[in-house]
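# Coordinate inspection notes
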Amino acid sequence: MSAAPFHDLIIIGAGPAGANAALSAAGAGLDVVLVDEAAHPGGQVWRAPAAGTHPPPDPDLTRGNHLRAQVAQAGVALRAQTVVWSVAATQDGFEVAIASPQGPELIGTRRLLVATGAQERVVPFAGWTLPGVFGLAAATVLLKSENFLPGRRILVAGQGPLLVAVAAKALKLGKAPVAVVDFNGLGRWVQALRGFVGHLPSLRQGLTWQAKLALAGVPILRKHAISRAEANDAGALGAVHVTPVGGGTPRMFEVDTAFVGNSLVPGDEILRLLGARRRPDPLTGWRIEADDEGRCKIPGLYVAGDAGRIRGALPAAAQGTRTGLAIARDAGCALSAAPAKTPRRMDRFADASCSLMQVDDARIAGLADDVVLCRCEDVTVGAVRGAIADGAQDANQLKHFTRLGMGPCQGRMCGANAAALLRTSPGTKPGGDVLTPRSPLHPVAVAQLAGQFDYADIPVPKPAPL
Amino acid sequence: MTDAIQITVNQRPLACRAGMSVAAALLAQDIYQFRTSPARRAPRGAFCLMGACQECAIMIDGHIQRACQTVVRDGMCVVLAGASAG
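Residues numbered from 1 in each chain as written. Chains lettered and ligands numbered in written order. Predicted model: local features only at pLDDT ≥ 70, side-chain atom pairs only at ≥ 80, totals over all residues. Heavy atoms only, no water.

### A closer look at helix α6 (residues 200-215) of chain A
Residues and elements named next belong to chain A. Here α6 contains 16 residues, and its C-alpha end-to-end distance of 22 Å stays within 8% of the 22 Å for a straight helix at 1.5 Å per residue. Listed in full, the buried residues belonging to α6 are Leu203, Gly206, Trp209, Gln210 and Leu213. Seen from one end, α6 has its buried residues packed into an arc of 125°, which puts them on one side. What points out from α6, more than 90 degrees from its buried face, is the exposed set Arg204 and Leu215. Against α4 (161-172), α5 (186-196) and β11 (220-222) lie the buried residues of α6. One or two residues past the end of α6 sits glycine 217, with phi positive at roughly 75°. (Helix = DSSP H or I, 4+ residues; strand = E, 2+ residues; numbered from the N terminus. Expected span 1.5 Å × (residues − 1). Buried < 20%, exposed > 50% of the residue type's maximum accessible area, 1.4 Å probe, protein only. Arc of directions from axis to C-beta. Contact = heavy atoms within 4.5 Å.)

Here it is in structure tokens:
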């Protein structure tokens, strides 16, 4: 096989962190390849609307449009609609295996920046696998890309700033939620206000949304959570039961659509596959071990944005710029400008957001046996408890015993919750709560990997001398 | 509807707008169940809408593809069935 093309820098993820890193590194003179699954840069939060969709003005849309214009003008090679399915360290850098509409490719790079963002963490409940139950972040994706939400009777539940955002935007689309179910009490929000003043436009936006929900008479149940969901006759979501946190009489809401989300976790599989380690973080659960400019302990490997530590889009963008410059400096580029630090007030804002999205292990430990933990393989909490009782001591053993994390999502949906069950069970291995990531990092069709080739192109090695 | 195109879902025609994702096109028509889970044959639909959970991976033009990451195309053939199960 011919040698893979070799670059100064490959960046995986074209969200606020990755795309801004690409801009600063390319601006300093590096040859940069920016890879993303989506058709356009922006990531999840600054995502581009689908062609023909015209969502109302929004700060995230403005930021995304600005970013996309910058990337288009900079000398950055954008590889859109491209899935990274494997990465490996080589003697002089890294080799990245990608699959795109053009077929499979191996590309080499001296340095690698992982800016793969975050995934949503949902605290499971009986019935959370029913069609009609969606992630809270899923609602924001549909709103941003399609200016649309499904459903007639909608309920929004979970934790954090997204709750209010999604409920208010549903209201604006004429789909006033039947109820907003907030795990946190008002006291937690008031505490968070001290941090939210760190970004006044966002705070103003949040307060406006709250006011509009109150004016429209949308009930907000504080310190409540969904305890279970029921199917309708067609096998999709028909109703949810909502219970006060700590116990009490459940209330039933007949709904066809529920948006549920509790927290965000770093999408750090590629980093861990290359040997980067997680470190406990009091506010966000964990972070990837890296220095202030995004250097991991593995030479040539960098991280920026939520993939390393949950901070949100604006800090991710600032960090991306900083890491891009750090990479350029490490590569020997002479830089005139010193990278700016993320303003402290942005950090306070991120801390406040994260404080509203905390999930204590005890909540997962308190789930009933019949709740599905691993959606892909239908592995229940009871099955996991049984496996631990049978001797499974860490996450990989749980996988062997139960198939948890072995399905197509590869533990992205269940990993954090399975880890909480392991940590709260006696007899398990301390520090063994994380599934080892494996290639392929995403399901890829064999046809996609084989690509188009001619048999004449397959090199035939010289026969060994007799 | 501008740029109206047509796809088929389980051989029935479905009108949608060019540019939208297959998942959005189905949800807009109140089609919530996309497939059943392989282990328990439980009904499943789109969940994360950002390509991570794989719940919306169904047969699109003869290949298992994520409905949330695939844009509709005129004449596209969608079958509400997932890998190794319905």
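Back to the write-up after that little detour.
### Notes on the domain arrangement of chain A
All names here are of chain A. Taken domain by domain, chain A comprises domain 1 (6-119 + 265-346), domain 2 (123-261) and domain 3 (361-423). Between the C-alpha centres of domain 2 and domain 3 there is a distance of 26 Å. Contacts between domain 2 and domain 3 engage eight residues on the former and nine residues on the latter. A combined buried area of about 840 Å² lies between domain 2 and domain 3, and 61% of that area is made up of carbon and sulfur atoms. In this structure, the connection of domain 2 to domain 3 is made through zero salt bridges. Put simply, domain 2 and domain 3 have three residue pairs in polar contact (both at pLDDT 80 or more) between them. Looking at the side of domain 2 that touches domain 3 residue by residue, the class counts come to six nonpolar, two polar and no charged. (Domains from an automatic or database assignment. Buried area = accessible area lost by both parts, 1.4 Å probe. Salt bridge = Lys/Arg side-chain N within 4 Å of Asp/Glu carboxyl O. Polar contact = N/O pair within 3.5 Å; in protein donor to acceptor, adjacent residues only side chain to side chain. Nonpolar A, V, L, I, M, F, W, Y, C, P; charged D, E, K, R; others polar.)

### A word on the sheet that holds strand β10 (residues 179-182) of chain A
Residues and elements named next belong to chain A. Across the sheet, five strands lie side by side as β8-β15-β9-β10-β11; this open sheet has parallel pairing. Single-partner strands in this sheet number two, and they are β8 (133-135) and β11. Taken over all neighbouring pairs, the strand axes of this sheet differ in orientation by 20° on average, direction set aside. One ladder, built from three bridges, connects β10 with β11; its direction is parallel. Residue pairing for β11: valine 180 is matched across the bridge by isoleucine 220. With respect to the sheet, helix α3 (residues 136-146) is in contact with β8, β9 (154-158) and β15 (257-261), its orientation differing from that of β8 by roughly 80°. Each of β9 and β10 is contacted by α4, which is oriented at about 170° to β9, the strand it contacts most. (Pairing = 2+ DSSP bridges. Axes fitted to C-alpha atoms, helices over the stretch in contact; angles between N-to-C directions.)

### Some remarks on the interface of chain A and chain B
Every contact between the two is made by 42 residues of chain A and, on the other side, 29 residues of chain B. In this assembly, chain A packs against chain B so that about 2,900 Å² is buried in total across both faces, 56% of it on carbon and sulfur atoms. Three residues, A:Pro131, A:Arg375 and A:Asp378, lead the burial of chain A against chain B; their summed loss comes to 18% of the area buried on that side. Taken together, chain A and chain B are joined by five salt bridges. Put simply, A:Arg375 and B:Glu55 hold a salt bridge, and the shortest N to O gap is 2.7 Å. In this assembly, chain A and chain B are joined by twelve residue pairs in polar contact (both at pLDDT 80 or more). Elements supplying a minimum of two residues to the side of chain A that touches chain B: β7 (118-121), β8 and α3 of chain A. Looking at the side of chain A that touches chain B, the element that brings in the most residues is α3(A), giving five residues. Residue composition of the side of chain A that touches chain B, by class: 22 nonpolar, twelve polar and eight charged.

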